[in-house]
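One letter stands for each residue in the lines below.
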Amino acid sequence: MSDALPAFQPLYAQVQHKLRARIADGGWKPGALLPSEFRLADEYRVSQGTVRKALLALEAERLIVRRQGSGTYVARHTSEAALFHFFRMVGPDDARLAPTSHVLRTATEPASAMVARLLGTPPGDALHAITRLRSLAGRPAIFERILVPVALMPDLAVPPGGPMAEEMYVIYQARFGITIARASERLAAVAAAAEEAGHLGLDAGAPLLEISRIATDLTGRAVELRISRCDTSRARYAAEVS
């Protein structure tokens, strides 16, 4: 990641940019303890107040965590945190739902022109393709396909035919040092294809909510395309807008 600073930024934002770059480049690994505010202020030749404001901004981005009496650490993805920040399905009473996941199959396939455009990779480039079924309250609810460029994670392996103990974002960070920072989603109403309907216990053609998500890392690079087709008869999509 380039360390060049965008023009006309406040001083704290410039420091925030530099700190984010060090995290993105692996200078500080997930879970690493950051230097003190005093040391960072000395290194970047700014006041401690400026460093503190930069750290608060990084904390708001969920890139660092502050522990009273211990220090400031690079945030580490956990399955619970990944679900809290990125999983948007809730029950009819708006209660958060925690899915369980079962891998149906894995494969390698070439990127179509549309997928290549979304992931910023050349058409035909190899993709890891993971198909899984996610259940809510023990009942199948989401049929999902995950596409990841092989060039980013050559040896990504998710054993098919069994449950997944970790969320994908935890795997990306722990095994490949890739932290998912943001996700952009698009929603559409679709009809269930035969395979989806079979796994979800629905009739072919039943209405589903399709969530198409592009997940990006700290540099803004697209890492994953995830297409989730959801049965909303017992759950619904919820997002907060501010």
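Residues numbered from 1 in each chain as written. Predicted model: local features only at pLDDT ≥ 70, side-chain atom pairs only at ≥ 80, totals over all residues. Heavy atoms only, no water.

K.L.:
How should the nonpolar core be read in this particular structure?
P.N.:
Where a protein is soluble and globular, its nonpolar side chains tend to be buried together. Core analysis: the biggest nonpolar cluster contains 18 residues, and Leu 156, Met 168, Tyr 169 and Tyr 172 have the highest contact counts within it. Here this core takes four residues from helix α6 (residues 168-176), the largest share from any one element. In this structure, Leu 156 is in contact with His 128, Ile 130, Val 148, Met 168, Ile 171, Tyr 172, Arg 175 and Phe 176, ignoring residues within four places of it in sequence. Among the nonpolar cores identified, the runner-up in size contains 17 residues, and Ile 23, Val 51, Ile 64 and Leu 218 belong to it. (Core = buried A, V, L, I, M, F, W, Y, C linked by side-chain atoms within 4.5 Å. Buried < 20%, exposed > 50% of the residue type's maximum accessible area, 1.4 Å probe, protein only. Helix = DSSP H or I, 4+ residues; strand = E, 2+ residues; numbered from the N terminus. Contact = heavy atoms within 4.5 Å.)

K.L.:
I tried to follow the pattern of salt bridges on my own but got confused; where do I start?
P.N.:
Applying the stated rule across the entire model yields 18 salt bridges. Where Arg 229 meets Glu 196, a salt bridge forms, and the shortest distance between an N and an O atom there is 3.3 Å. Highlighted residues: Arg 229 in strand β9 (residues 222-230) and Glu 196 in helix α7 (residues 194-200), separated in sequence by 33 residues. Here the two residues Arg 229 and Glu 196 agree in accessibility, since each one is buried. For Glu 224, the salt bridge is made with Arg 226, and the minimal N-O distance between the two is 3.0 Å. By relative accessible area, Glu 224 is classed as buried at 0%. (Salt bridge = Lys/Arg side-chain N within 4 Å of Asp/Glu carboxyl O.)

K.L.:
Explain the confidence of the model for the chain to me, please; I cannot follow it from the model alone.
P.N.:
Fine structural detail should not be taken from predicted coordinates in areas where pLDDT scores are low. Across the chain, pLDDT averages 90, with 96% of residues at or above 70. Mean pLDDT in the chain bottoms out at helix α4 (residues 79-86), which sits at 76, and peaks at β9, which reaches 98. In the predicted structure, residues 1-5 sits below a pLDDT of 50 and forms 15 contacts with residues beyond four places in sequence or in another chain. (pLDDT = per-residue confidence, 0-100.)

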